[in-house]
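The residues making up each chain are set out below.
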Amino acid sequence: MKYLLIVPALLIATPALAQSTSPSDLIQRYSAEAGRAADAGRGKSFFLANHGSGKPDTPSCTTCHTKNPRSAGKARTGKTIDPLAPSANGARLTDLAKVEKWFRRNCDSVLGRSCTAGEKADVVAWLASQ
Amino acid sequence: MVPERFAEDADRTGHIMLQKNTEQTREGQGLTVPVWDIWVRLFHWLLLACVATATVTGFFADATWLRLHIAGGLGAAGLVLARIVWGFTGPTHARFKDFFPRPSAVMEHLRGGGGRHRGHNPLGGAMVFAFFLAILFLAATGLAILGGAFKTGPLAFAFTFQSGHAMEEVHELIALALLVMIGLHVAGVVLESFRSRENLARGMVTGEKEWRADDHQPRIARPRGLAAAAAIAAVGAVLILANTGLSARPVPGMPVANLDPTYAQECGDCHTVYHPSLLPAASWRALMPRLADHFGENASLGPELTAELEAYLVAHAAETADTKAANRMARGLDAPPLAMTETPFWKHQHEDLAKALFASDAVGSASNCAACHLDAETGLFSPLSISIPKQETIR
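Residues numbered from 1 in each chain as written. Chains lettered and ligands numbered in written order. Predicted model: local features only at pLDDT ≥ 70, side-chain atom pairs only at ≥ 80, totals over all residues.

Q: Just to check I follow, could you spell out the overall build of chain B for this structure?
A: Assigned secondary structure in chain B consists of 16 helices and two strands. Over its C-alpha trace chain B gives a radius of gyration of 29 Å, far above what one expects of a compact globule, namely 21 Å for 395 residues. Dimensions along the principal axes, computed over C-alpha positions, put chain B at roughly 100 × 45 × 35 Å. Counting all 395 residues of chain B, 32% fall into the buried class. Intrachain contacts of chain B at a sequence separation of at least 6 include 69% that bridge at least 24 residues. (Helix = DSSP H or I, 4+ residues; strand = E, 2+ residues; numbered from the N terminus. Rg over C-alpha atoms; globule rule 2.2 N^0.38 Å. Buried ≥ 20, exposed ≤ 12 C-beta atoms within 10 Å, placed from the backbone. Contact = placed C-beta atoms within 7 Å.)

Q: What is the right way to look at the overall build of chain A in this model?
A: Of regular secondary structure, chain A possesses six helices and two strands. Seen in sequence order, chain A has helices and strands lined up from the N terminus as α-α-α-α-β-β-α-α. By residue count, 30% of the 130 residues in chain A fall in the buried class. Of all intrachain contacts in chain A linking residues separated by at least 6 positions in sequence, the fraction that spans at least 24 positions is 60%.

Q: Would you mind showing me how to read the nonpolar core here?
A: Most often, soluble globular proteins have nonpolar side chains that are buried together. The biggest cluster of nonpolar side chains holds 46 residues, and the ones touching the most others in it are Ala-76, Ile-135, Leu-138, Leu-278, Ala-318 and Ala-330 of chain B. Those elements that provide at least two residues to this core are α3 (38–59), α4 (66–89), α7 (122–150), α8 (161–195), α13 (303–315) and α14 (324–330) of chain B. Ranked by residue count, the leading element in this core is α7 of chain B, at 10 residues. Three or more residues apiece are contributed to this core by two domains, here domain 1 (10–247) and domain 2 (261–393) of chain B. If we ignore the near neighbours within four places in the chain, the residues touching Leu-278 of chain B are Ala-318, Ala-325, Met-329, Ala-330, Met-340 and Gly-379 of chain B. If you look at the next biggest cluster of nonpolar residues, it comprises 20 residues, including Ile-27, Cys-107, Ala-121 and Val-123 of chain A. (Core = buried A, V, L, I, M, F, W, Y, C linked by C-beta atoms within 7 Å. Domains from an automatic or database assignment.)

Q: Would you take a moment to explain helix α3 (residues 40–48) of chain A for this structure?
A: Residues spaced three or four apart along an α-helix point in a common direction, a consequence of the helix completing one turn every 3.6 residues. All names here are of chain A. Burial in α3 covers these residues: Gly-43, Phe-46 and Phe-47. Considered in projection along α3, the buried side chains sweep an arc of 95° and stay on one side of the axis. Seen from the buried face of α3, the exposed residues on the opposite side, beyond 90 degrees, are Gly-41, Ser-45 and Leu-48. In this structure, the buried side of α3 is in contact with α6 (117–129). (Arc of directions from axis to C-beta.)

Q: Any chance you could explain the domain arrangement of chain B here in plain terms?
A: How big an interface is tends to be stated in terms of the accessible area lost upon association of its parts. Residues and elements named next belong to chain B. For chain B, the assigned domains read domain 1 (10–247) and domain 2 (261–393). A straight line from the C-alpha centre of domain 1 to that of domain 2 covers 46 Å. Across the contact, 11 residues belong to domain 1 and 11 residues belong to domain 2. At the level of elements, α4 and α7 are the ones that each hand at least two residues to the side of domain 1 that touches domain 2. Broken down by class, the residue content of the side of domain 1 that touches domain 2 amounts to five nonpolar, three polar and three charged. (Nonpolar A, V, L, I, M, F, W, Y, C, P; charged D, E, K, R; others polar.)

Q: What is the right way to look at unusual backbone geometry in this model?
A: Backbone geometry at Thr-66 of chain A places phi at a positive 65°, although glycine is not the residue there. By the element assignment, Thr-66 of chain A lies in the loop between α4 (62–65) and β1 (73–74). The phi angle at Phe-381 of chain B is positive, at roughly 50°, despite the residue not being glycine. Here Phe-381 of chain B lies in the segment after α16 (355–359).

Q: Is there a simple way to think about the packing of helix α11 (residues 261–268) of chain B against α13 of chain B in this case?
A: Packed helices, taken two at a time, are described by the angle their axes make and the gap between the axes. Residue and element names in this part refer to chain B. The contact between α11 and α13 brings their axes to 10 Å, and the two run at 115°. It follows from the interaxial angle that α11 and α13 lie roughly perpendicular. Every pair of crossing elements has a handedness; the one defined by α11 and α13 is left-handed. Only Leu-305, Leu-309 and Tyr-312 of α13 make contact with α11, whose side of the interface consists of Thr-262, Tyr-263 and Glu-266. Its residues assigned to classes, the contact of α11 with α13 comprises four nonpolar, one polar and one charged. (Axes fitted to C-alpha atoms, helices over the stretch in contact; angles between N-to-C directions. Parallel < 35°, antiparallel > 145°, perpendicular 65-115°, else oblique. Left-handed = near helix turned anticlockwise from the far one by under 90°.)

Q: Would you explain the interface of chain A and chain B in this entry?
A: Taken together, the 12 residues of chain A in the interface contact 13 residues of chain B. In terms of residue count, helix α5 (residues 96–111) of chain A provides more of the side of chain A that touches chain B than any other element does, three residues in total.

Q: How should helix α2 (residues 23–34) of chain A be read in this particular structure?
A: All names here are of chain A. Under the 1.5 Å per step criterion, the end-to-end length of α2 is 16 Å for 12 residues, consistent within 8% with the ideal 16 Å. Among the residues of α2, Leu-26, Ile-27, Tyr-30 and Ser-31 are the ones counted as buried. Relative to the axis of α2, the buried residues are bounded by an arc of 125° and lie together on one face. Those residues of α2 that are exposed and aimed more than 90 degrees away from the buried face are Ser-24 and Ala-32. Contacts made by the buried residues of α2 are with α5 and α6. (Expected span 1.5 Å × (residues − 1).)

Q: It is not clear to me how the environment of Thr-62 of chain A should be interpreted in this structure. Could you clarify?
A: Residue and element names in this part refer to chain A. Mapped onto the elements of the fold, Thr-62 is located in helix α4. Considering only alpha carbons, one finds Thr-62 and Arg-105, 43 residues apart in sequence, at a separation of 15 Å. Other than its neighbours up to four places away in sequence, Thr-62 contacts Leu-48 and Lys-67.

Q: Sorry, what's going on with the environment of Glu-108 of chain B here?
A: With respect to the element layout, Glu-108 of chain B can be found in helix α6 (residues 103–110). If we ignore the near neighbours within four places in the chain, the residues touching Glu-108 of chain B are Gly-113 and Gly-114 of chain B.

What follows is the structure, encoded as structure tokens:
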């Protein structure tokens, strides 16, 4: 009986401990959590949309990341942000803790709330397809 | 036949030779004798260049010109030291004993007596020594300011920000006095040129002056070039050794040297890694618990990491450093500042810069210190480390 409890615990704990993931792992993970398939098209419109429900200086993802995920963006501080698309920046979407940290921060800044697992799955799917 | 001019070695025997040639000379027009040797002339005009450089950059140029200001000032001081050596080893009119302003000689000169001095007259001699003193004091106080405010150079170990700042007032007063002295010097040259019916400035170019029978008789001295070169080399060596030794001394009040890697990583993701000494402990204590609304963005980190970074920032806050930024920007404000760009000191320091510069691609935001301050992450913010992005990139 005890083994049955350890197996799901390991499944949850392993990616977080290793802090290493891949775009396809992330899509799988967030889709499973959302209970539906990821949709890159929906991710694109979510990313480009002007939400305006978060903090006034950051109405959209594109405020800092630009409309092209393959090009570098710029933080409001002037600091360059490396491209989000894994095809332009191999380090992107490979560290679960980082992905979670920035979704947590930026969804709050742009939307004024946390992103749902479905929204995360869509955005990751779109970024990975670029 | 009257010689057009005496040979270069006239100084050696010139006195006697001139005596012998008195009759000839009185007939001859424009007979000249060497007065200012080449080293005195080079010294004079190079000193003018150095003082002019330091004066213009000191009074009119912004902080980015400091390197040239220091070069001018230290160059002038170096020239003066070499000239002091030459004052004991040079030819007749280069020597201090030729123009040391004894009070009796000054009084006699003021009464219009004592004969024409081919070298410096007693008043001019007094001005030479006053120039030397002023220039050496300017160099010393300049190094004190550099050491106190920017923790740089041979006097950094000995001066706090406050004592260095006090020297700034002295430095400015002496600089103003030097300007007045330069005015008096030029006026004296013009006046004396009229009085003695000769072009004194021309003499400092050609090195030669008209010989006149009733000239004040100088004490002939032979130049000792080797001794001078050896003495100048020795003084230079001592200064280089002293500079190396003193610069290596531990400097009190230095901001913490190594930035915490976690702090640099986490906070540097979005902005310049602000040195902990740029804000007082109270500001860090106010900023860190509110990272979820950090200048208009969510920058939250999780409670453990936040506490760890706050402890690091408080431990090395402005109170622990004696830099200019820590003294002028972070301290002495009624309420602890949150945004550095809102402090009166920051605004004053950046008021001459175009708004377009901050909006340019190369800078992007006033919070991007490191765009121009190459030493931003050391907390020193030395004027010597400012490099403003080229204008082409600013539209």
